[in-house]
Amino acid sequence: MLNLPFVLRWYALALAVIVIDLWTKYAITQMFEFEGQSEAYTFFFSLSLHYNHGAAFSFLAQQGGWQRWFFTAVAAAVSLGLGYWLAKLPRHKIIEALGLTLVLGGALGNLYDRVTLGYVVDFLLFHWGEAYFPAFNVADMAICGGAAALVWDSLRKPG
């Protein structure tokens with residue numbers, strides 16, 4: 001049976017993730033004039049505007065455009081599935097609900113970019129010397145954090 005207050009609380013958290021993600025992406029696009037522009041804050045961290053036309057780590061980014069709609073369809077289907085899963089989750093599954101919520105919010109934040117812009121705005125850039133980790137955003141952090149919560153929850157005792 002659907003527990004509406006329980007579900008709405010998690011959907012509200014997913015919405016907060018989306019709002020924070022979109023606000024930070026907007027702020028970074030206002031801060032920088034062109035893609036690739038960067039400002040170092042420490043010897044290992046910079047803000048840097050990047051447009052990701054692919055998936056994680058720019059996977060399939062150079063494929064001519066079809067990947068935009070492919071990743072849009074995948075993100076939409078996954079988001080619907082996560083929303084349904086979350087709605088059916090028993091109330092005592094708090095860690096699982098948190099994980100699903102973070103993945104859902106992150107997926108929808110990046111989905112919004114794909115649909116409206118055709119790419120995902122990335123801006124958090126970590127580096128060491130000349131070695132750079134791929135740029136990412138708040139939605140990516142939520143997805144990774146949510147996936148980690150789901151893995152952690154699955155390794156705990158059943159129940």
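Up top is the structure these notes are about.
Residues numbered from 1 in each chain as written. Predicted model: local features only at pLDDT ≥ 70, side-chain atom pairs only at ≥ 80, totals over all residues. Heavy atoms only, no water.

A. Main features of the nonpolar core. Grouped together as the largest cluster of nonpolar side chains are 12 residues: Phe-6, Val-7, Trp-10, Ala-14, Leu-82, Leu-86, Ala-87, Leu-89, Ala-97, Leu-100, Val-103 and Leu-104. Elements that contribute at least two residues to this core include exactly α1 (4-31), α2 (66-88) and α3 (94-117). Counting residues in each nonpolar core, the second largest holds 11 residues, with Phe-45, Leu-47, Tyr-119 and Val-138 among its members. (Core = buried A, V, L, I, M, F, W, Y, C linked by side-chain atoms within 4.5 Å. Buried < 20%, exposed > 50% of the residue type's maximum accessible area, 1.4 Å probe, protein only. Helix = DSSP H or I, 4+ residues; strand = E, 2+ residues; numbered from the N terminus.)

B. Spatial organisation of the pattern of salt bridges. Taken as a whole and assessed by the stated rule, the structure comprises 4 salt bridges. Here Lys-25 and Asp-21 are joined by a salt bridge, their closest N and O atoms 2.7 Å apart. Of this pair, Lys-25 and Asp-21 are both found in helix α1, 4 residues apart, which corresponds to roughly one turn of the helix. (Salt bridge = Lys/Arg side-chain N within 4 Å of Asp/Glu carboxyl O.)

C. Representation of the packing of α1 against helix α4 (residues 138-155) in the model. The N-to-C vectors of α1 and α4 enclose an angle of 145 degrees; their axes lie 8 Å apart at closest approach. Contacts between α1 and α4 pair Val-17, Ile-20, Asp-21, Thr-24 and Lys-25 from the former with Val-138, Ala-139 and Ala-142 from the latter. Across the contact of α1 with α4, the residue classes break down as 5 nonpolar, 1 polar and 2 charged. (Axes fitted to C-alpha atoms, helices over the stretch in contact; angles between N-to-C directions. Contact = heavy atoms within 4.5 Å. Nonpolar A, V, L, I, M, F, W, Y, C, P; charged D, E, K, R; others polar.)

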